[in-house]
Amino acid sequence: MSFYNPRKRSLMRWIWLLPLLAVAGLSGLHYHHKHSAKPRMLFSGNYGNSVSGQYLSSRFAALHNDWEDALAAIKPSVTKENVSAGMLDTAMRLELRLGNIEEAKNLAERVAKLAAKDPLAATIIAAYHLKQRHLEKVQQVLQPFVIVKPDAQGADITILVTDMLQIWALAESRDYEKAMAKLDRLIHEGPPVFSQFLHYQAAIIADMAGMKTRADQEYSAIIKSHSPKSYRFMEGAISFYRRSGNPLANQLYEEFMKKYLVLSENSSLPLTTQPIVNDGIEGAAELFAEVGSYLNDNVFSIEAVEYLRLALYLRPDLPHAQYILADILSSMGHEKEAIELLGKINPNSPYNWRGRIGIARDLEKIGTTKQAESILLSLDQERPENLEAIATLGDIYQHQENYAQAAKVYEKAVEKIKNPEEKHWVLFYSLGAAYERIGEWKKAEHYLIEALKLSPGQPEALNYLAYSWVERGENLQQAREMLETALKKSPDDAHIIDSYGWALFRLKDYPGAVKNLEQAAMGMPYDSTVNDHLGDAYWMAGRRNEARFQWSAALNMKPEPSQVVLIKRKLAQGLDQNPEK
């Protein structure tokens, strides 16, 4: 028998991966990235004193997101007069990622002399001058970058930023007519992929300028589109329509509540009734935050950090920029800085609530679990109708493999739900999974089935329940059908492929089992359970040498102690006597 956990992937999963992270409708969910430990510098001595050695040391540290060491390694070379544009660009970006904007600006000026049309260097310089309100210098720096048609430049967001910075500089000088004229041209001639983003920019400029009719047109264009509406866009639109006395504000607010308060019961969020921006500097900060969110959601997290740093340089108290940047930094192993950023979010901001949940998550990651528990329990008392804090506490216990305590906490969360809806499926799923891990199968089965009643097609829940049945030798045909349904929705999920292959094995379809388990092993080559399963399938298909190879490999992949005993028995005796053990 295998002790594979079909939910071995962390359940710290859905609650805080919400579209709260998206801005201006540019993107969908934000996904975390694994971080690496701080690297040991590989190059030292004579190698470290050479330009190439310093560059390689810097590259190695940067690849591990250790920007301080990367910058320290490259700085001696950057001080030289004949340094290459590439080295200067690397140092500029490292300073920017660390939030050292003035140092980045000084390097950007040197980059610009060697590479006249470097859009990021120009953006950094322009942002610096915009904050100083040197508006003529902003236009001068950005003059080489003109609006280009898609066939000439494609969907280059770095060029788009330089165009929008010019427009925000005009807005800062109160030349709204010229700003809107340039923006109209950009909307019509710029990359279509950024159309909604540009309409949002037009909406907040018009709102700031008191151009109510134009703001309404721009907000309406986005509302009527079929593209997803982000948290930040909804916040701006609701604010505008509330101030305009338009009943559309209430309709949008109901939509907002349904979409963003995923685990809330009859709750509400404080939303601003002020314009999103009050001047061109704040507008440029909003621009950088949106671009940072877009880049992050499209798996360009490093570049996202650069633009989010610029956003906070122009507007240090911009809540969604603080939240998104903290989230990225946490995912890269910079939890302490993430905690500091989240702690600065304005208490009146709707981002503050999830920011405090984020602090708890980061505290758990760095080993301060008791403090994390205290924060989450306090948040639960503060908003007992909101399930996010208590659910996150359950996630923390689950992450620590304290499944008994996780079950108690998830049970408490489920008890709060008066009228279960589809949005609550994940809590029932989490509770069922926790009970399964502590051996209370009847309770586990009940809650997993309830999760699927609430959201019938969820691949995770289908996989967990079906795999559990397969392991127990129950409902094998039904489990197979459920896994086939799950695979239709998540065809590349190696965990589900493995479960399906294991179901075929139990149904004695050994060729089908081999085919699927080989595919699963390609997706998870270092998973002990998948390799163990594949070994079993090989054995029953008559491929004995390959079976022993897979079992030996599984044994070297740190399986659970109970699994070690079974694998060693198979290596000694094979599977002839009892192929399902």
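Just so it is clear, the model here is predicted, and its values are computed rather than measured.

As for the overall build of the protein chain
Here's step 1: Across its full length, the protein chain holds 31 helices and zero strands.
Here's step 2: Put simply, the protein chain has 581 residues, and 57% of those count as buried.
Here's step 3: The contacts of the protein chain with a sequence gap of at least 6 include a subset with a gap of at least 24, amounting to 60%.
Here's step 4: Working note: accessible area of the protein chain is about 24900 Å², and carbon and sulfur atoms make up 50% of it.

Here we look at the nonpolar core
Here's step 1: Ranked by internal contacts, the top residues of the largest apolar core, which has 186 residues, are Leu-130, Met-164, Leu-165, Trp-168, Leu-183, Tyr-219 and Phe-288.
Here's step 2: The leading source of residues in this core is helix α9 (residues 157-172), at 11 residues.
Here's step 3: Look past the residues within four positions of Met-164 in its chain and what remains in contact with it is Leu-183, Leu-186, Phe-197, Leu-198, Gln-201 and Leu-287.

So, the packing of helix α27 (residues 494-506) against helix α29 (residues 528-540)
Angle between the axes and distance between the axes: these two values describe a pair of packed helices.
Here's step 1: Here α27 crosses α29 at 30°, and the two axes come no closer than 11 Å. Taken together, α27 and α29 sit at an angle that is classed as roughly parallel. Here α27 runs over α29; the crossing is left-handed. Touching Asp-498, Trp-502 and Phe-505 of α27 are Val-530, His-533, Asp-536, Ala-537 and Met-540, all from α29.
Here's step 2: Considered class by class, the residues forming the contact of α27 with α29 number five nonpolar, one polar and two charged.

Quick look at α27
Here's step 1: For α27, spanning 13 residues, the distance from its first C-alpha to its last is 18 Å, which sits close to the expected 18 Å at 1.5 Å a residue.
Here's step 2: By the criterion of burial, α27 is predominantly enclosed, with 13 of the 13 residues buried.
Here's step 3: Its side-chain oxygen 2.9 Å from the backbone nitrogen of His-495, Asp-493 forms the N-cap of α27.
Here's step 4: Backbone geometry just after α27 places Lys-508 at a positive phi near 70°.

Quick look at the packing of helix α5 (residues 101-114) against helix α6 (residues 119-131)
Here's step 1: Where α5 contacts α6, the two axes come as close as 8 Å, and the packing angle between them is 130°. For the element pair α5 / α6, the angle class is oblique. Crossing handedness for the pair α5 and α6: left-handed. Contact residues: α5 offers Ile-101, Glu-102, Ala-104, Lys-105, Ala-108, Glu-109, Val-111 and Ala-112, while α6 offers Ala-121, Ile-124, Ile-125 and Tyr-128.
Here's step 2: Of the residues belonging to the contact of α5 with α6, the class tally is nine nonpolar, no polar and three charged.

Here's the deal with unusual backbone geometry
Here's step 1: The phi dihedral of Asn-475 falls on the positive side, at around 50°, and the residue is not glycine.
Here's step 2: Mapped onto the elements of the fold, Asn-475 is located in the loop between α25 (459-472) and α26 (476-489).
Here's step 3: The backbone phi angle of Lys-508 is positive, close to 70°, even though this residue is not glycine.
Here's step 4: Position of Lys-508 relative to the elements: it lies in the loop between α27 and α28 (510-523).

Details of helix α4 (residues 85-97)
Here's step 1: With 13 residues, α4 extends 18 Å between its outermost C-alpha atoms, agreeing within 8% with the 18 Å of an ideal straight helix rising 1.5 Å per residue.
Here's step 2: Along α4, the residues that are buried comprise Met-87, Leu-88, Asp-89, Ala-91, Met-92, Leu-94, Glu-95, Leu-96 and Arg-97.
Here's step 3: Phi turns positive, to about 85°, at Gly-99, one or two residues after α4.

Quick word on the environment of Met-557
Here's step 1: With respect to the helices and strands, Met-557 occurs in the loop between α30 (544-555) and α31 (561-573).
Here's step 2: Note: C-alpha distance between Met-557 and Asp-527 (30 residues apart in sequence) is 6.7 Å.
Here's step 3: Setting aside residues no more than four positions away along its own chain, Met-557 makes contact with Pro-525, Tyr-526, Asp-527, Ser-528 and Asn-531.

What about the pattern of salt bridges?
Here's step 1: What the rule picks out here adds up to 35 salt bridges.
Here's step 2: Note that Arg-315 and Asp-317 form a salt bridge whose closest N and O atoms lie 3.7 Å from each other.
Here's step 3: Salt bridges linked by common partners bring Asp-89, Arg-93, Arg-97 and Glu-306 together as one network.

Points about the confidence of the model for the protein chain
Here's step 1: Here the protein chain shows a mean pLDDT of 86. Residues at 70 or above account for 87%.
Here's step 2: Confidence, expressed as mean pLDDT per element, reaches its minimum in the protein chain at helix α8 (residues 150-153) with 44 and its maximum at helix α24 (residues 441-454) with 98.
Here's step 3: Counted against residues more than four places away or in other chains, residues 6-47, with its pLDDT under 50, gives 143 contacts.
Here's step 4: When the criterion is pLDDT under 50, residues 150-154 qualifies, and its contacts beyond four places in sequence or with other chains add up to eight contacts.

Let's talk about the environment of Pro-119
Here's step 1: Relative to the helices and strands, Pro-119 resides in helix α6.
Here's step 2: Judged by its relative accessible area of 19%, Pro-119 falls in the buried class.
Here's step 3: It is 9.8 Å that separates the C-alpha atoms of Pro-119 and Ile-157, two residues lying 38 residues apart in sequence.

Thoughts on the packing of aromatic side chains
The description of an aromatic ring pair uses the distance of the two centres, along with the angle that the planes make with each other.
Here's step 1: Tallied over the full model, the rule gives 17 aromatic pairs.
Here's step 2: Ring geometry for Tyr-200 and Phe-233: centres 6.1 Å apart, planes at 65°, overall edge-to-face. Placement of Tyr-200 in helix α11 (residues 195-209) and of Phe-233 in helix α13 (residues 231-243) is noted, with a sequence separation of 33 residues between them. The pair formed by Tyr-200 and Phe-233 is uniform in burial state, with each residue classed as buried.
Here's step 3: Between Phe-428 and Tyr-447 the ring centres are 6.2 Å apart and the planes differ by 40°, which places this aromatic pair in the tilted class.

Quick notes on the rules
Residues numbered from 1 in each chain as written. Predicted model: local features only at pLDDT ≥ 70, side-chain atom pairs only at ≥ 80, totals over all residues. Heavy atoms only, no water. Helix = DSSP H or I, 4+ residues; strand = E, 2+ residues; numbered from the N terminus. Buried < 20%, exposed > 50% of the residue type's maximum accessible area, 1.4 Å probe, protein only. Contact = heavy atoms within 4.5 Å. Areas by Shrake-Rupley, 256 points an atom, 1.4 Å probe, with all protein chains shown as cover. Core = buried A, V, L, I, M, F, W, Y, C linked by side-chain atoms within 4.5 Å. Axes fitted to C-alpha atoms, helices over the stretch in contact; angles between N-to-C directions. Parallel < 35°, antiparallel > 145°, perpendicular 65-115°, else oblique. Left-handed = near helix turned anticlockwise from the far one by under 90°. Nonpolar A, V, L, I, M, F, W, Y, C, P; charged D, E, K, R; others polar. Expected span 1.5 Å × (residues − 1). Polar contact = N/O pair within 3.5 Å; in protein donor to acceptor, adjacent residues only side chain to side chain. Salt bridge = Lys/Arg side-chain N within 4 Å of Asp/Glu carboxyl O. pLDDT = per-residue confidence, 0-100. Phe/Tyr/Trp six-rings, centres within 6.5 Å; stacked < 30°, edge-to-face > 60°.

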